[in-house]
Amino acid sequence: MILLRRLLGDVLRRQRQRQGRTLREVSSSARVSLGYLSEVERGQKEASSELLSAICDALDVRMSQVMREVSDELSLAELAESATAGESVPAPVRPMLNSVSVSSVTGVPEERVTIKAPAEAVDVVAA
């Protein structure tokens, strides 16, 4: 069985180790006990959304990035699990992303933002 808390803990640990930071440093920044953060990283405790937000802030990483990594690992784990069970499962498909440029409402022409989103999720209305 695949446990989401273990995948999340693995991703958080890797993020921390990439930065060369200790559990103590991150736990202090996130204002969570060292023991609890250790249990979250080992997949022994479920992190609440508030705790996850505090840990991500302490690591200076977007929660969406962490969740994307968890999602990718979950997909791979599901494929591996189904392969060992002899099931035929199609590979996960990511939606095609379309770029949408948005001009600033302040009227400053240099201020542009490009957003990548699934085509079906974006409604574009001409002004």
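About the cut-offs
- Numbering of residues begins from 1 in every chain and follows the order in which that chain's sequence is written.
- Local features in this predicted model are restricted to residues whose pLDDT is 70 or higher, and side-chain atom pairs enter the listing and the counts only when it is 80 or higher, whereas totals over whole chains, interfaces and linings include all residues.
- Only hydrogens and water are set aside; all other atoms, that is, all heavy atoms of the structure, feed into the side-chain values.
- Strands are runs of DSSP state E lasting at least two residues, helices are runs of H or I lasting at least four, and both sets are numbered from the N terminus onward.
- Think of it in three bands: with a 1.4 Å probe and only protein chains considered, a residue is buried below 20% of the maximum accessible area for its type, exposed above 50%, and partly exposed in between.
- In what follows, residue pairs with any heavy atoms lying within 4.5 Å of each other are defined as contacts.
- A 1.4 Å probe and the Shrake-Rupley method give the accessible areas. Residues count as covered only by the protein chains that appear here.
- Salt bridges are defined by distance alone: a side-chain nitrogen of Lys or Arg within 4 Å of a carboxyl oxygen of Asp or Glu.
- Here, the arc refers to the directions that run from the helix axis to the C-beta atoms.
- Joining through side-chain atoms within 4.5 Å is the link that ties buried Ala, Val, Leu, Ile, Met, Phe, Trp, Tyr and Cys residues into a set, and such a set is a nonpolar core.
- Fitted lines through C-alpha atoms serve as axes, helices being fitted only where they are in contact, and the angles separating the N-to-C directions of these axes extend from 0 to 180 degrees.
- Roughly parallel refers to an angle under 35 degrees, roughly antiparallel to one over 145, roughly perpendicular to one between 65 and 115, and oblique to any angle outside these ranges.
- Polarity classes work like this: nonpolar for Ala, Val, Leu, Ile, Met, Phe, Trp, Tyr, Cys and Pro, charged for Asp, Glu, Lys and Arg, and polar for all others, with Gly in that last group.

(A) Geometry of the overall build of the protein chain. What the protein chain contains, in helices and strands, is five helices and two strands. Listing the helices and strands of the protein chain from first to last along the sequence gives α-α-α-α-α-β-β. Burial statistics for the protein chain: of 127 residues in total, 25% are counted as buried. Taking the contacts inside the protein chain whose residues are at least 6 apart along the sequence as the reference set, 48% of them involve residues at least 24 apart. When the accessible surface of the protein chain is split by element, carbon and sulfur atoms take 53% of a total near 9000 Å².

(B) Representation of the pattern of salt bridges. In total, this model carries six salt bridges according to the counting rule given. Across the salt bridge formed by E46 and R5, the nearest N and O atoms sit 3.7 Å from each other. Residue E46 is located in the loop between α3 (34–41) and α4 (49–59), and its partner R5 is located in helix α1 (residues 4–18); the two are separated by 41 residues in the primary sequence. Judged by its relative accessible area of 54%, E46 is exposed. Of the charged contacts, one joins R13 and D10 as a salt bridge, the two residues approaching to 3.3 Å between their closest N and O atoms. One end of the pair, R13, and the other, D10, are both in helix α1, three residues apart, so they sit about a helical turn from each other. Here R13 falls in the partly exposed class, since its relative accessible area comes to 22%.

(C) Representation of α4. Residues of α4 that are buried include every one of L51, L52, I55, C56, A58 and L59, and no others. Summarising the axial view, the buried residues of α4 lie within an arc of 160°, below the 170-degree limit, and thus occupy one face. Residues S49, E50 and D57 are exposed on α4 and point more than 90 degrees away from its buried face. Considering only its buried residues, α4 is in contact with α1, α2 (23–30), α3 and α5 (63–84). Just downstream of α4, D60 is the residue with a positive phi angle, here 55°.

(D) How the structure looks around the nonpolar core. If you look at the biggest cluster of nonpolar residues, it comprises 18 residues, and the most contacted ones within it are L8, L12, I55, L59, V66 and V70. Sorting the residues of this core by element identifies α1, α2, α3, α4 and α5 as the ones contributing at least two each. Not counting chain neighbours up to four residues away, the residues in contact with I55 comprise L12, A30, L37 and V40.

(E) Representation of the packing of α2 against α3 within the structure. Put simply, α2 and α3 touch, their axes get as near as 9 Å, and they point 110° apart. Regarding the angle of α2 to α3, the classification is roughly perpendicular. Seen from α2, the contacting residues are L23, R24, V26 and S27; seen from α3, they are L34, L37, S38 and E41. The residue makeup of the contact of α2 with α3, split by class, is four nonpolar, two polar and two charged.

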